[in-house]
Amino acid sequence: MIQAILVFNNHGKPRLVRFYQRFPEEIQQQIVRETFHLVLKRDDNICNFLEGGSLIGGSDYKLIYRHYATLYFVFCVDSSESELGILDLIQVFVETLDKCFENVCELDLIFHMDKVHYILQEVVMGGMVLETNMNEIVAQVEAQNRLEKSEGGLSAAPARAVSAVKNINLPEMPRNINIGDLNIKVPNLSQFV
Amino acid sequence: MSDIVEKTLTALPGLFLQNQGGGGPAADRASFSSRLGGLIRGITALTSKHEEEKLIQQELSNLKTTVSAPTTTLKMMKECMVRLIYCEMLGYDASFGYIHAIKLAQQGNLLEKRVGYLAVSLFLHESHELLLLLVNTVVKDLQSTNLVEVCMALTIVSQIFPREMIPAVLPLIEDKLQHSKEIIRRKAVLALYKFHLIAPNQVQHIHIKFRKALCDRDVGVMAASLHIYHRMIKENSSGYKDLTGSFVTILKQVVGGKLPVDFNYHSVPAPWLQIQLLRILGLLGKDDQRTSELMYDVLDESLRRAELNHNVTYAILFECVHTVYSIYPKSELLEKAAKCIGKFVLSPKINLKYLGLKALTYVIQQDPTLALQHQMTIIECLDHSDPIIKRETLELLYRITNAQNVTVIVQKMLEYLHQSKEEYIIINLVGKIAELAEKYAPDNAWFIQTMNAVFSVGGDVMHPDIPNNFLRLLAEGFDDEAEDQQLRLYAVQSYLTLLDEENVFYPQRFLQVMSWVLGEYSYLSDKETPEEVMTKLYKLLMNDSISSETKAWLFAAVTKLRPQAHSSNIVERLIQEFTVSLDTCLRQHAFELKHLHENVELMKSLLPVNKSCEDMVVDASLSFLDGFVAEELSQGAAPYKPHHQRQEEKLSQEKVLNFEPYGLSFSSSGFTGRQSPAGISLGSDVSGNSAETGLKETNSLKLEGIKKLWGKEGYLPKKESKTSDETEVLPVPQESIIMENVDQTITKKDQSQVLTQSKEEKEKQLLASSLFVGLGSESTVNLLGKADTISHKFRRKSKVKETKSGETTSVHNMTCSSFSSSSNVTYEEDYYLDNLQDTEDKELKKFTLSSELLDSESLTELPLVEKLSNCRLSTPSLFADNNMEVFHPPQSTAASVANEISLASLLEETAELTHSDLMEVCNNETISVSSYKIWKDDCLLMVWLVSSKSGEELKNTNLEIAPAKNFKITEQSECCLPVVEAENTKNFQYSVQMEEPFTEGNLSGSVNYQMMDTHVVQLDFSVNLSLLDFIRPLKISTEDFGKLWLSFANDVKQNVKISASQAALPAALKTLRQNLRLHVVDIIGNEGLLACQLLPSIPCLLHFRVHGDVLALWFRSSCSSLPDYLLYQCQKVMEGS
């Protein structure tokens, strides 16, 4: 299980902090700081695995990190995860970010913090790897983005219309939901007739 | 990839312009989102942490007013939330916004809801009280027709959800498993997995649905369900063996490229799925040949298919290797796996090297020769620039340590230890060094020096067991007394030298160890007089940097040294100094020393030299005071009542507030004098109490004894089995050799051999030969030419057993003494004295007398009863005197205790062995297996009869019982029962003990047999065992019942309705006695006292009362769960009859 996902820049400024296990607020900050110091000390040409130390639960836990330009991506996992597997999962996550933001950079992570979280939610859910297929992740995120656009354009329209458009604009939406709506409406219509 | 993240903060201004230029129809939105931009810009412009804090506090107070203002729209709230999330991420408290996050999730439209949910999942935790407000929203969203809403709800459920609210959403999520959209099904599976993690008993009923998810047509859903199976198989692999075939098929398909191309990652088919499946197979195949056989093919294929072209194939390979070594071994596969490990270890990529070392560490126990193949690589890794690689190498070396290479390996570890600063690493490594040093130390000097290094580096962070074990080792010694003295002497000398050094600070723990050793063993040193040692200790005592705990140790050492010293200047100075100390603890020690100091003879007897291992005998019952107590009693003092008894009385006196049915029933039953159901013992005598407290005291005193201080129990045997294992593995010749000699031999050999090698390489070779000496077979080992091993030096004596038995006997003695001495108390004033003889019939008479008394209303005459019970207790040791020195063998004490009161004899107990009927458990066309239970007094004996139907002789019949949780099963080789032995029948007997009480359990096993020339056939069977199989009557007297009753803390009360036929007391009693095997201790009016025990010896007492058609049951036991289970059985019996 993944205990925490931390992203911070070369100066240790947190850019994404997501814990899947309960830690008190101060401990969370301490973990971010200590992880940063652990990772910072390491050259780029030595291995990407670290032992978590006493703070995150001892020898059963590993820190697996990757360094991209200005950012460190650190996953804290227990022994039930494969080290190399997680290393590639970080790659998948970053590539997905890149696809979603078109040439991702640190600023995207800062200004679209919420979006980064949504993307992450499609990769890792509650500490478990949900999806590793990049196309699938992007598709899910795009679906949500379209939702956002449609809503932005119709901000003044009545809510009913919005939800109607929402469903039209989402090709991924299964038919049966629309059918379901129709089914509800049909008896009403017949009454009118 | 690194070029992707190239834009830097210099691009900031442009981005802001973009944002602000975005205006248009959503102008207010843009202005709002630019506030986040503004905030971030503000923060990045700052230089100091302090300014940042000021800015954020400002921002937070702005936000606070905004979010609580009624005019704030949900849309604005959304923006505020994002800013709040940002502030929280930086570590500032934004708790005022939590409730608004929940509101947003409740009320917002899709987008706002999404932000709300995100904020909630980031802000709150599972047990946060606000989370309850979200449950309704989640339920509503789960029922929504909008997919996005359902997804969001499922996500939040899998992130944080209050455990007690699971039932509210569980059915909804279960429904989602049938949803037409796979993303929903997948998320639902993970949400259920989360529930399984936090509340496994709540999702037990949907295991069948997990199986459905495993067979889902969508790969993603199936992959999600593997999370659950991985977990469950890890917990209990035997329950899922039947799924092995499915997992193997899935893996075959994945490896064979049958999945859609979508799932390829760098042209490797679904690597994460493969990894997960391999892990599961590894768990399933562990120690199970049949299951392992199923997976050999697919593992072989995986190994073959994974061509080394990408990082992720290595991940799969690594899992493959791990699985191959976990399951039942197959030589072909092992060979291939070993090759793979070689590839990892030799890889220039550092990550792979790390994993290679990890794999080696895992494999090394099964195949030590593999380490030899890679010894040069391992040596290189030892000096690797990456500390993580070094750590892993040391871990590997730790596993291959033996008596020959210990010095080199420990030296390497110490080197690493001196470099590292992380506390966690130090603790870990120090423990390992201490363990190795203890196990394989070649000589005294090395051992003590290594331990010195451990103590000074490990200091106060190391595990407290390390110094404790070390001291115990010194104290208890080994088989050879002279050797022990040498070791102690060396320790003393080395500590004295260490203390001589000026301006060196040692960790407190180290000082404590030193002070203990000096206090105990400095007499061994001729060079230093006790006075000199004391001077050194005194110097330490006056040092301010030393903690008061250490000072207490130092004080103890001085106290121990005092009787050996001739002059007492220092001691007097110490006393003077510390009797006025502000530290009360030290002052106490000083006063103790002062008083002992005044009587040197007493001091010498109290603190004998080199006696730290002898057991002290203490009269904990304080029986020497009994005479005094008796005198006081005769003068009318109130008898002593133990604390719990006083409390009970106090409780029962507050009758007005007692709403429990028992309180009422007692007052109506007419026993005005009685205050507790076991009221007879209420006025229980002084002697009984003193015996009891005496026992307790014995325990606590023992705990504080020196023995106890130096470590926990159970450590030694474990250690020992380890060492003995080692001895089996390694041949241990007599000769011992010091490492330097070894090195010399190597150099000689090498000189002739490798002239071409550079000096550096030669050094490495040397190191390698000293590291890997003693590994593998003789022929492969030798760069050395000579394989000398050192016999285990520090093998411990099996002291624990002795101590234990010693303890029990002394406890026993204690009991006896207190019994005997207490008898005197009563002796003196008992006016039944004349009647008391040591003869049976008299005793009997007395019993009837006492029961008569009990039956009449004589309870108002409590003292009388009390004395009676005293007499009974004390009869056997009438001739004991008051002296604490005299200990009596238990003689007839037990007999009298076990004696039953005459009433009980009304209900006869059958003495002979009872057994169940013969029952067939399984059969096939040739044999049949039947079993029956024999309820022996001390265990449950299970007998299985295997008989062949055709009457042919059974060959090689074997019966195996699978180890079951909760049961301790031992085979009974000798027949203790007359069983028909015929050629066509075979019987197997097992005695079964229950380890934890529970209602019902299953014992499964299998029979292997061979008929004539056919192959071996296996037949599985299982037998049900219930709690009642392990319940035996406990025969005790009413007094003992009373005493036990008060001493038990766990009680359960329940009223049970009974049928009219049961309504009379005798009928109910009979049912309980026959069906539950309870022993009837006493019957008083319409109340009954019963007792039983759960084998081997957990007592449980039952007090019950019939009141109309209601049976009031009251159980008490020393075990917390037993009363519940018994009550359940009781209810079953009463309802059933």
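Here the structure is a predicted model, which means the values were calculated and not measured.

For the rest of this paragraph, the subject is the overall build of chain A. For chain A, the count of helices and strands is 7 helices and 7 strands. Mapped in sequence order, the helices and strands of chain A form the string β-β-α-β-β-β-α-α-α-β-β-α-α-α. When the 193 residues of chain A are sorted by exposure, 62% land in the buried category. For chain A, the proportion of contacts with a sequence separation of at least 24, taken over those separated by at least 6, is 49%.

Scanning chain B from terminus to terminus reveals 48 helices and 17 strands. Across the 1137 residues that make up chain B, the buried fraction comes to 53%. Long-range pairs, those at least 24 residues apart, make up 68% of the contacts in chain B with a sequence separation of at least 6. As presented, chain B carries roughly 52900 Å² of accessible surface, and 53% of it is formed by carbon and sulfur atoms.

Time to look at the sheet that holds strand 1 (residues 2-9) of chain A. Residue and element names in this part refer to chain A. Reading across the sheet, the 5 strands line up as 2-1-5-4-3 and stay open at both edges, with antiparallel pairing between neighbours. Taken across any chain shown, the strands that pair with only one partner, and hence form the sheet edges, are strand 2 (14-19) and strand 3 (49-51). Adjacent strand axes in the sheet meet at a mean angle of 20°, parallel and antiparallel pairs treated alike. Pairing of strand 4 (residues 62-68) with strand 5 (residues 71-77), which is carried by 7 bridges, proceeds in the antiparallel orientation. Its bridge partner being in strand 5, R66 is matched across the sheet by F73. This element, helix 2 (residues 83-101), spans strand 1, strand 2, strand 3, strand 4 and strand 5 of the sheet and lies at about 40° to strand 4.

With that settled, consider the pattern of salt bridges. Residue and element names in this part refer to chain B. Scanning the entire structure with this criterion turns up 26 salt bridges over all chains. Here R83 ties to E59 by a salt bridge, and the two come within 2.5 Å at their closest N and O atoms. With R83 in helix 4 (residues 74-89) and E59 in helix 3 (residues 49-68), the pair connects residues that are 24 residues apart, well separated along the chain. Neither residue differs from the other here; R83 and E59 are each classed as buried. Salt-bridge contacts for E435 lead to K439; the nearest nitrogen and oxygen are separated by 3.5 Å. Separated by 4 residues within a single helix, E435 and K439 lie in helix 23 (residues 423-440), roughly one turn from each other.

Moving on, we get to the packing of helix 21 (residues 387-400) of chain B against helix 22 (residues 406-419) of chain B. Residues and elements named next belong to chain B. Where helix 21 contacts helix 22, the two axes come as close as 10 Å, and the packing angle between them is 150°. Here helix 21 is positioned roughly antiparallel relative to helix 22, judged by the angle of their axes. Of the two elements, helix 21 crosses helix 22, and the hand of that crossing is left-handed. For the pair helix 21 and helix 22, contact is made by P387, K390, R391, L394, L397 and Y398 and by I409, K412, M413, Y416 and Q419, respectively. Grouping the constituent residues of the contact of helix 21 with helix 22 by class yields 7 nonpolar, 1 polar and 3 charged.

Turning our eyes to something else, we now look at the environment of V7(A). All names here are of chain A. Counting through the fold element by element, V7 comes out in strand 1. According to the relative accessible area criterion, V7 is buried, its value standing at 0%. Apart from residues no more than four positions distant in its own chain, V7 is found in contact with K13, P14, R15, L16, L71, Y72, F73 and L109.

Residues and elements named next belong to chain B. Closest axis-to-axis distance for the helix 22/helix 24 (residues 444-458) pair is 11 Å, and the angle between their directions is 20°. Taken together, the axes of helix 22 and helix 24 lie roughly parallel to each other. When you trace helix 22 past helix 24, the crossing you get is left-handed. In contact with V406, T407, V410, L414, L417 and H418 of helix 22, helix 24 contributes W446, T450, A453 and V457. Here the residues of the contact of helix 22 with helix 24 are counted per class, giving 7 nonpolar, 3 polar and no charged.

Moving on, we come to a nonpolar patch on the surface. On the surface, a cluster of nonpolar side chains totalling about 380 Å² of accessible area is made up of L622(B), F624(B), L625(B) and F628(B). Along the polypeptide, L622(B) turns up in the loop between helix 32 (600-606) and helix 33 (626-634).

Before going further, it helps to examine helix 17 (residues 331-346) of chain B. Residue and element names in this part refer to chain B. If you check helix 17, its first and last C-alpha atoms are 22 Å apart, about what 16 residues at 1.5 Å a residue would give, namely 22 Å. For helix 17, the full list of buried residues reads L333, A337, A338, C340, I341, G342, F344 and V345. Residues of helix 17 that are buried make contact with helix 15 (289-305), helix 16 (311-326), helix 18 (350-363), helix 19 (369-373) and helix 20 (375-382).

Secondary-structure assignment places N402(B) in the loop between helix 21 and helix 22. A distance of 2.9 Å separates the side chain of N402(B) from the backbone nitrogen of Q404(B), its partner in a polar contact.

Turning our attention to unusual backbone geometry. Residues and elements named next belong to chain A. Look at E102: it is not a glycine, yet its phi comes out positive at around 55°. The exposure class assigned to E102 is exposed, which follows from its relative accessible area of 63%. A positive phi is found at N103, a non-glycine position, where the angle reads about 60°. Within the secondary structure, N103 is located in the loop between helix 2 and helix 3 (106-111).

A few words on the interface of chain A and chain B. How big an interface is tends to be reported as the loss of accessible area on association of its parts. Across the boundary between the two partners, chain A contributes 83 residues, which contact 83 residues of chain B. In total, about 7400 Å² of surface goes out of reach between chain A and chain B, with carbon and sulfur atoms giving 61% of it. Of all residues in chain A, L84(A), F111(A) and M125(A) give up the largest surface area on contact with chain B, accounting jointly for 10% of the area buried on that side. At the junction of chain A with chain B, the criterion picks out 6 salt bridges. Ionic pairing is found between D386(B) and R42(A), a salt bridge with its closest N-O pair at 2.8 Å. No other element matches the 11 residues that helix 2 of chain A contributes to the side of chain A that touches chain B.

A few words on the packing of aromatic side chains. For any two aromatic rings, the description comes down to two numbers: the centre-to-centre distance and the angle of the planes. Residue and element names in this part refer to chain B. Tallying each qualifying case throughout the model produces 23 aromatic pairs over all chains. Their ring planes at 80° and their centres at 6.0 Å tell us that Y229 and Y240 sit as a pair that is edge-to-face. Highlighted residues: Y229 in helix 12 (residues 219-235) and Y240 in the loop between helix 12 and helix 13 (244-255), separated in sequence by 11 residues. No difference in accessibility class separates Y229 from Y240, as the two residues are buried. Each ring, one from Y506 and one from F510, has its centre 5.5 Å from the other, and the planes form 85°; the classification is edge-to-face. Judged on exposure class, the residue Y506 and its partner F510 are both buried. Among the aromatic residues, ring-to-ring pairing joins F447, F455, F470, Y495, Y506 and F510 into one connected group.

This paragraph deals with the confidence of the model for chain B. Parts of the model with low pLDDT should not have their predicted coordinates read in detail. Residues and elements named next belong to chain B. Taken over all residues, the pLDDT of chain B has a mean of 72, while the share at 70 or more is 72%. Scored below 50 in pLDDT, residues 1-30 makes 39 contacts in the model with residues more than four places away or belonging to other chains. Residue range residues 777-911 is modelled with pLDDT below 50. Its contacts to residues more than four positions away, or to other chains, number 210 contacts. Interface scoring of the predicted complex returns ipTM 0.79; its pTM is 0.59.

Another point: the pairing of strand 2 of chain A. Residue and element names in this part refer to chain A. Counting buried positions along strand 2 gives 6 out of 6 residues, so the element sits mostly inside the fold. Pairing geometry for strand 1 and strand 2, over 5 bridges, is antiparallel. In the sheet register, L6 faces strand 2, and the bridge partner there is V17. Between strand 1 and the antiparallel strand that follows it, strand 2, lie 4 residues; G12 among them carries a positive phi value of about 85°.

Here the focus is the environment of N958(B). Residues and elements named next belong to chain B. As for its placement among the helices and strands, N958 is situated in strand 7 (residues 955-961). Between the C-alpha atom of N958 and that of N987, which follows or precedes it by 29 residues, the distance is 10.0 Å. Excluding its chain neighbours within four sequence positions, the residues that come into contact with N958 are F988, S1006, V1007 and N1008.

Definitions and limits used
Residues numbered from 1 in each chain as written. Chains lettered and ligands numbered in written order. Predicted model: local features only at pLDDT ≥ 70, side-chain atom pairs only at ≥ 80, totals over all residues. Heavy atoms only, no water. Helix = DSSP H or I, 4+ residues; strand = E, 2+ residues; numbered from the N terminus. Buried < 20%, exposed > 50% of the residue type's maximum accessible area, 1.4 Å probe, protein only. Contact = heavy atoms within 4.5 Å. Areas by Shrake-Rupley, 256 points an atom, 1.4 Å probe, with all protein chains shown as cover. Pairing = 2+ DSSP bridges. Axes fitted to C-alpha atoms, helices over the stretch in contact; angles between N-to-C directions. Salt bridge = Lys/Arg side-chain N within 4 Å of Asp/Glu carboxyl O. Parallel < 35°, antiparallel > 145°, perpendicular 65-115°, else oblique. Left-handed = near helix turned anticlockwise from the far one by under 90°. Nonpolar A, V, L, I, M, F, W, Y, C, P; charged D, E, K, R; others polar. Patch = residues over 30% accessible without salt bridge, like charges linked within 9 Å, V, L, I, M, F, W, Y side chains within 5 Å. Expected span 1.5 Å × (residues − 1). Polar contact = N/O pair within 3.5 Å; in protein donor to acceptor, adjacent residues only side chain to side chain. Buried area = accessible area lost by both parts, 1.4 Å probe. Phe/Tyr/Trp six-rings, centres within 6.5 Å; stacked < 30°, edge-to-face > 60°. pLDDT = per-residue confidence, 0-100.

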